[in-house]
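Listed below, chain by chain, are the residues.
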Amino acid sequence: MNNKYKQYLKTLQKAADIDSSIAVLSWDQETQLPAKGAKHRAQQIATLSGLAHEIKVSPKLGELLQELSEGNSLSPK
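Before going into details, it helps to say that this report is about the structure given with it.

1. Description of the side chain of Asp28
Phase 1 of the analysis: Its location among the elements puts Asp28 in helix α1 (residues 3-31).
Phase 2 of the analysis: Residue class for Asp28 comes out buried when judged on its relative accessible area of 18%.
Phase 3 of the analysis: Residues within four places of Asp28 in sequence aside, it is in contact with Leu33 and Arg41.

Given below as C-alpha cells:
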C-alpha cells in the first residue's frame, strides 16, 4: 500500500473515530444525561463536530485525493 493512501486512510479513520464519539455522546444525551448536563454535552458535541468537519474539508485531504486520483498506484480491487 502506498504512503499517500495510508495517509488518506489514517485521516478518514480519525474523522470516523470522532464521528463515533459524537454518536456515543448523542446516545448518552438522549438516554442517561442528567438535566443539568445538557449544555455541557451540547458543547462537547459541537466541538467534536467542528473537528470532524475540519478534517473532512481540509486542503490536505483534498490534495491527497487529487494525488491519488491522478496516480496509477491504486488498483480497483
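2. Observations concerning helix α2 (residues 38-56)
Phase 1 of the analysis: Spanning 19 residues, α2 covers 27 Å between terminal C-alpha atoms, matching the ideal 27 Å at 1.5 Å per step.
Phase 2 of the analysis: Taken residue by residue, α2 has Arg41, Ile45, Ala52 and Ile55 as its buried positions. Across the axial projection of α2, the buried residues extend over an arc of 85°, all falling on one side. Turned more than 90 degrees from where α2 packs its buried face, Lys39, His40, His53 and Glu54 sit exposed.

3. A look at the layout of surface pockets
Phase 1 of the analysis: If you add up the space inside the largest pocket, you get close to 190 Å³.
Phase 2 of the analysis: Taken together, the residues of the lining of the largest pocket sort by class into one nonpolar, three polar and three charged.

4. A short note on the pattern of salt bridges
Oppositely charged side chains are able to pair whenever their charged atoms sit close together.
Phase 1 of the analysis: Tallied over the full model, the rule gives three salt bridges.
Phase 2 of the analysis: Between Glu67 and Lys4 there is a salt bridge, and its shortest N-O distance comes to 2.9 Å. Here the residue Glu67 occupies a position in helix α3 (residues 59-70), and Lys4 occupies one in helix α1, the gap between them amounting to 63 residues.
Phase 3 of the analysis: Overall, Glu67 belongs to the partly exposed group, its relative accessible area being 37%.
Phase 4 of the analysis: Among the salt bridges present, the one from Lys56 reaches Asp19, with a minimum N-O distance of 2.8 Å. On the criterion of sequence distance, the pair formed by Lys56 in helix α2 and Asp19 in helix α1 is long-range, its members being 37 residues apart.
Phase 5 of the analysis: Residue class for Lys56 comes out partly exposed when judged on its relative accessible area of 42%.

About the criteria used
Residues numbered from 1 in each chain as written. Predicted model: local features only at pLDDT ≥ 70, side-chain atom pairs only at ≥ 80, totals over all residues. Heavy atoms only, no water. Helix = DSSP H or I, 4+ residues; strand = E, 2+ residues; numbered from the N terminus. Buried < 20%, exposed > 50% of the residue type's maximum accessible area, 1.4 Å probe, protein only. Contact = heavy atoms within 4.5 Å. Expected span 1.5 Å × (residues − 1). Arc of directions from axis to C-beta. 1 Å grid on protein atoms, 1.4 Å probe; cavity = no way out; pocket = protein on both sides within 12 Å on 5 of 7 lines; lining within 4 Å. Points joined across faces, edges and corners; volume = space filled by probe spheres on them. Nonpolar A, V, L, I, M, F, W, Y, C, P; charged D, E, K, R; others polar. Salt bridge = Lys/Arg side-chain N within 4 Å of Asp/Glu carboxyl O.

The analysis is restricted to geometry; functional conclusions fall outside its scope.
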